[in-house]
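Breakdown of the fold
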Amino acid sequence: MPNVSVRNLVEFIFRSGDIDNRGRGNSPDAMLEGTRIHRKIQKSMGTSYQAEVPLKYVQKYENYDLIIEGRADGIFMEDGLTYIDEIKGMYQKVENFTEPIFVHQAQAMCYAYIFASDNSLEAIGVQMTYVNLETEEKKYFRFQYSFEEIKEWFFDTLKAYQKWSDFEYEWKQIRNASIKPLQFPFPYREGQKKLVSDVYRTIARNKTLFLQAPTGVGKTISTVFPAVKAVGEGKGDRIFYLTAKTITASVAKESFALLEKDGYRAKLIQLTAKEKLCLCDEMECNPVHCPYAKGHFDRVNDAVYDLLQEKNIFTRDEIIEQAKKYQVCPFEMSLDVSSWCDDIICDYNYVFDPHVYLKRFFAEGAKGDYIFLVDEAHNLVDRSREMYSATIYKEDFLNAKRILKQYNPYLEKLCEKCNKVMLSYKRECETYRTYEDIGNFLFSLMRLTSELDEFLKKKTEFPERKDVLEFWFTLRTFLEIYDLTAERYVIYTEHTEDGRFKLKLFNVDPSENLQNCLNKARATILFSATLLPIQYYKRLLSTNTDNYAVYAKSVFLPEQSLIAFGNDVSTKYTERGVETYTKIADYLVAAVRGKVGNYMAFFPSYKMMKEIREIFEKRALAAKVPVDVIVQENNMDEAAREAFLDAFDDKKEGALLAFCVMGGIFGEGIDLKEDRLIGAIVVGNGLPQVSNEQEILKHYYDEDGENGFDYAYRYPGLNKVLQAAGRVIRTTEDYGVILLLDKRFLSGDYNGLFPREWENAKVVNEDQLPDVLAKFWQNV
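Residues numbered from 1 in each chain as written. Predicted model: local features only at pLDDT ≥ 70, side-chain atom pairs only at ≥ 80, totals over all residues. Heavy atoms only, no water.

As enumerated under the stated definition, the model contains 64 aromatic pairs in all. With a centroid separation of 5.4 Å and 5° between ring planes, the pair formed by phenylalanine 603 and phenylalanine 659 is classed as stacked. In this pair, phenylalanine 603 is assigned in strand β20 (residues 598–603) and phenylalanine 659 in strand β22 (residues 655–661), connecting sequence segments 56 residues apart. The exposure class assigned to phenylalanine 603 is buried, which follows from its relative accessible area of 0%. Residue phenylalanine 659 is classed as buried on the basis of its relative accessible area of 0%. Taken together through their ring pairs, the aromatic side chains of Phe12, Tyr161, Trp164, Phe167, Tyr305 and Trp340 make up a single cluster. The ring of tyrosine 357 carries lysine 359 above its face, with NZ or CZ at 4.8 Å from the centroid. (Phe/Tyr/Trp six-rings, centres within 6.5 Å; stacked < 30°, edge-to-face > 60°. Helix = DSSP H or I, 4+ residues; strand = E, 2+ residues; numbered from the N terminus. Buried < 20%, exposed > 50% of the residue type's maximum accessible area, 1.4 Å probe, protein only. Lys NZ or Arg CZ within 6 Å of the ring centre and 35° of its normal.)

So, in structure tokens, the structure goes:
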């Protein structure tokens, strides 16, 4: 049964004209919803004012029913006439409005018809309430309609939408029929059928599952297949496959393609970042600088409809080709195509990021039967903290003041006012300082943001415009995040290493913000090969206490790997030095001497890596161990990364040892199967460096009743260790060695933290290692 929200309906049908980023006011999509101001206005309207009223209308067609639904901001009666109130909060000066933006008015008009129809009203009113988020100044527009007027308009709107709802209904009939006969595309591995059943059962029960899925269990197809089957049985309608990395997105696409070969029919798109789709030399999204922005909304619906009739899987090249054909923005068109797709592969930010999430699916009041498959979910902790935090720098106000001085003295004055507040914070701060509230400063920021918006709308061309626009975006982001701050945030100031001074809204516990997003889905599967300890991730990624957790059985045999802890070495800061580094270097020599092949060694920092590498090369030479060394460099580009990994394909007489940084680009997401990699040596326990931010985390979780050191240091470090170790055994044909060089792993603090597959791990010292290695390789 097709379903569309009122907001999506009117924005889709009534949009027109250009894409224009020159000032916030040029795009209705750019306006803040201002949830706090919504609530404040609603509360001020008295007891007779009904707030957040859900409304639904069912339009019956020959073969299907179309459901139109949403939530009216308010409903009230005045002088015997019922009014629908639509509230829009923004930073613009509302007194300059001479009429409402029509897509906003159309939203209210839809609610007006639905309410009038449900309540047999002969007439109904619409009130548009625009409110400035800084001054709380309001501007009202009122309209009155007879029932026949509003009815005629509403049905004209539905008529314009009918070809789209017809398409949606007909396509879903084809999709669902194709799903019924689908079978799992491979013979089930041991434990895999149970894993598929666990995922399906979670979806059927509308729950959330945390899945520890060791490498090799086929986690991608084992989550995609049951999700697809659930959709075919009406237990979901759209699958979002969320990932942090391009390589895992490619694996997901391959899994859907496997099902397509077996007859699965679905519309699928992998969303690509705007900068990778942009057809211009610079991303200036306005009709002056971009021919694809000019008139984009006049043509894009035809472009999308045409493409939907031709293709089922929409690649980056096809999106670009269609965008050129219709002269529209490829990125914006790809988002519109996704509205009609059954399967969407995308980065986390399209669902979770408060600034760029897909409003067509997840805006307030939007509704859908979504299934979230969250791959490499261990990455979501740090990513969500980044997405829900915001930072401003004192120096940015000074730079903006310098630029704006020549254009607008009032803006220069506002920048200086904010700079003075930041200066007072700076004087109070020795290293870092936390604040309970920055309410007074907030008003200055809001005033500056509002005036900058007006300035950018009027002055569309000047040399430093890009810098000013970026500054405005920073302020807007900060204010939007401040709207989210509550007890799970810490507000702090800090002197940075590069000499700047910052104020940060730090989301130390992202679970509530994430849960608000997860609530948009019918069911969520969060999975990773390193989701340990699972209670840590359940605590940080969701506020629900009844989520499921499953540990999938590994398909690898214990004899495929040698896992050994070195008990006579430590990378603890107080024990670092030439003696310790020499011992570590000797461990590396013993490892590569044990069997000729390719190895990776992971270190806590570039500095330690460099120092141990120098010692290793001398020790290997003295021991007459032939070995080639390659080294991860800082800020490697794509070509350098590919060349680094290509070295594992080269045939050599001696061994290869790659020196890498733990948690870096080669620490996860690379797949070196069979003899391309036969060993990983992990040096240290991966603890993040002590910093003000890590100490803030530690203190927060100590206060919250958890072990703060575990949450700030041990668990994040453990994940880097497990990811590095996981590079070795990738298939059932792989054999290899995993050495963990830090005796702290053997302390009670790590009891129960390692994977079940490590239960037969050995404990060795430097002298014992050669014999242990020799015995392992002899048995392979």
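Judged by pairing direction, the sheet is antiparallel, and its four strands sit side by side in the order β13-β16-β15-β14 without closing on themselves. Edge positions in the sheet fall to β13 (390–393) and β14 (432–435), since each of these pairs with one other strand and no more. Strand-to-strand twist of the sheet, defined as the mean angle between neighbouring strand axes without regard to direction, takes the value 20°. In this structure, strand β15 (residues 490–495) lies alongside strand β16 (residues 501–506), joined through six bridges in antiparallel fashion. Each bridged residue has a counterpart across the sheet, and for valine 490 the counterpart in β16 is phenylalanine 506. (Pairing = 2+ DSSP bridges. Axes fitted to C-alpha atoms, helices over the stretch in contact; angles between N-to-C directions.)

Two elements in contact, helix α19 (residues 511–518) and helix α20 (residues 534–541), have axes separated by 7 Å at closest approach and are oriented at 75°. Accordingly, the angle class assigned to the pair α19 and α20 is roughly perpendicular. On α20, the residues that touch Ser511, Leu514 and Leu518 of α19 are Arg539, Leu540 and Leu541. Per-class residue counts for the contact of α19 with α20 are four nonpolar, one polar and one charged. (Parallel < 35°, antiparallel > 145°, perpendicular 65-115°, else oblique. Contact = heavy atoms within 4.5 Å. Nonpolar A, V, L, I, M, F, W, Y, C, P; charged D, E, K, R; others polar.)

On to the packing of helix α9 (residues 296–310) against helix α11 (residues 330–338). Packed helices, taken two at a time, are described by their axes: the angle between them and the distance between them. As a packed pair, α9 and α11 sit with axes 10 Å apart at the nearest point and diverge in direction by 50°. In this view, α9 runs oblique relative to α11, as classed from their interaxial angle. Both α9 and α11 take part in a crossing whose hand is right-handed. Each of His296, Val300, Ala303, Val304 and Leu307 in α9 lies in contact with α11, whose residues at this interface are Glu332, Met333, Asp336 and Val337. Residue composition of the contact of α9 with α11, grouped by class: six nonpolar, one polar and two charged. (Left-handed = near helix turned anticlockwise from the far one by under 90°.)

In terms of nonpolar packing, the biggest core is built from 189 residues, with Phe240, Phe352 and Met600 touching the most fellow members. No other element matches the ten residues that helix α3 (residues 102–118) contributes to this core. Contact partners of methionine 600, with chain neighbours within four places excluded, come to Phe644, Phe648, Leu657, Ala658, Cys660, Phe666, Ile670, Leu672, Leu677, Gly679, Ala680 and Ile681. If you look at the next biggest cluster of nonpolar residues, it comprises 40 residues, including Leu562, Leu588, Val627 and Phe659. (Core = buried A, V, L, I, M, F, W, Y, C linked by side-chain atoms within 4.5 Å.)

What the eight strands build is an open sheet, ordered β10-β9-β11-β8-β12-β17-β7-β18; its pairing is parallel. This sheet does not close on itself; its edge strands, each paired only once, are β10 (313–314) and β18 (548–551). Here strand β8 (residues 238–243) runs beside strand β11 (residues 343–347); their pairing, made up of five bridges, is parallel. Paired with leucine 242 across the bridge in β11 is cysteine 346. On top of the sheet, α11 reaches β8, β9 (268–270), β10 and β11; it is set at about 145° to β9, its chief contact.

Once that is clear, we can look at the environment of aspartate 396. Tracing the sequence through the fold places aspartate 396 in helix α15 (residues 394–404). Taking the C-alpha atoms as reference points, aspartate 396 and asparagine 419, separated by 23 residues in sequence, lie 8.8 Å from one another.

A few words on the state of the cysteines. Summed over the entire model, instances satisfying the criterion amount to zero disulfides. In this structure cysteine 285 is a free cysteine whose sulfur lies 6.1 Å from that of cysteine 329, the closest cysteine sulfur available. In this structure cysteine 285 comes out as buried when scored by relative accessible area, which is 18%. In this structure cysteine 429 is a free cysteine whose sulfur lies 18 Å from that of cysteine 418, the closest cysteine sulfur available. (Disulfide = S-S within 2.5 Å.)

Turning our attention to the environment of glutamine 515. Structurally, glutamine 515 can be placed in helix α19. As for glutamine 515 and asparagine 544, which are separated by 29 residues in sequence, their C-alpha atoms are 7.8 Å apart. Sequence-distant contacts of glutamine 515, defined by excluding residues within four places in its chain, comprise Ser542, Thr543 and Asn544. A polar side-chain atom of glutamine 515 sits 3.1 Å from the main-chain amide nitrogen of threonine 543. (Polar contact = N/O pair within 3.5 Å; in protein donor to acceptor, adjacent residues only side chain to side chain.)

With that settled, the discussion passes to the pattern of salt bridges. Tallied over the entire structure, the rule returns 50 salt bridges. With a closest N to O distance of 3.2 Å, lysine 93 and glutamate 451 form a salt bridge. Of this pair, lysine 93 sits in the loop between β4 (81–90) and α3 while glutamate 451 sits in helix α17 (residues 439–458), and the two are 358 residues apart along the sequence. Overall, glutamate 451 belongs to the buried group, its relative accessible area being 15%. Between arginine 539 and aspartate 509 there is a salt bridge, and its shortest N-O distance comes to 2.9 Å. Of the two residues, arginine 539 sits in helix α20 while aspartate 509 sits in the loop between β16 and α19, which places them 30 residues apart along the sequence. (Salt bridge = Lys/Arg side-chain N within 4 Å of Asp/Glu carboxyl O.)

Counting buried positions along β22 yields seven of seven residues, so the element is predominantly enclosed. Here β20 pairs with β22 via six bridges, running parallel. Along β22, the bridge assignment pairs phenylalanine 603 with valine 661. Judged from the five bridges that link them, strand β21 (residues 627–631) and β22 form a sheet pairing that is parallel. Within β22, the position partnered with valine 631 by the bridge is phenylalanine 659. Following the chain from β21 across helix α23 (residues 638–646) to the adjacent parallel β22, one finds a crossover that is right-handed. (Right-handed = clockwise from strand over helix to strand, strands pointing away.)

Of note, the bond from leucine 532 into proline 533 is cis; its omega dihedral lies within 30 degrees of zero at -10°. One non-glycine residue, glutamine 327, lies in the positive phi region at around 55°. Along the chain, glutamine 327 turns up in the loop between α10 (316–326) and α11. For glutamine 327, a relative accessible area of 31% puts it in the partly exposed group. The backbone phi angle of glutamate 674 is positive, close to 55°, even though this residue is not glycine. Assignment of secondary structure puts glutamate 674 in the loop between β22 and β23 (679–683).

A separate point is the side chain of serine 444. By the element assignment, serine 444 lies in helix α17. In contact with serine 444, not counting residues within four places along its chain, are Lys417 and Cys418.

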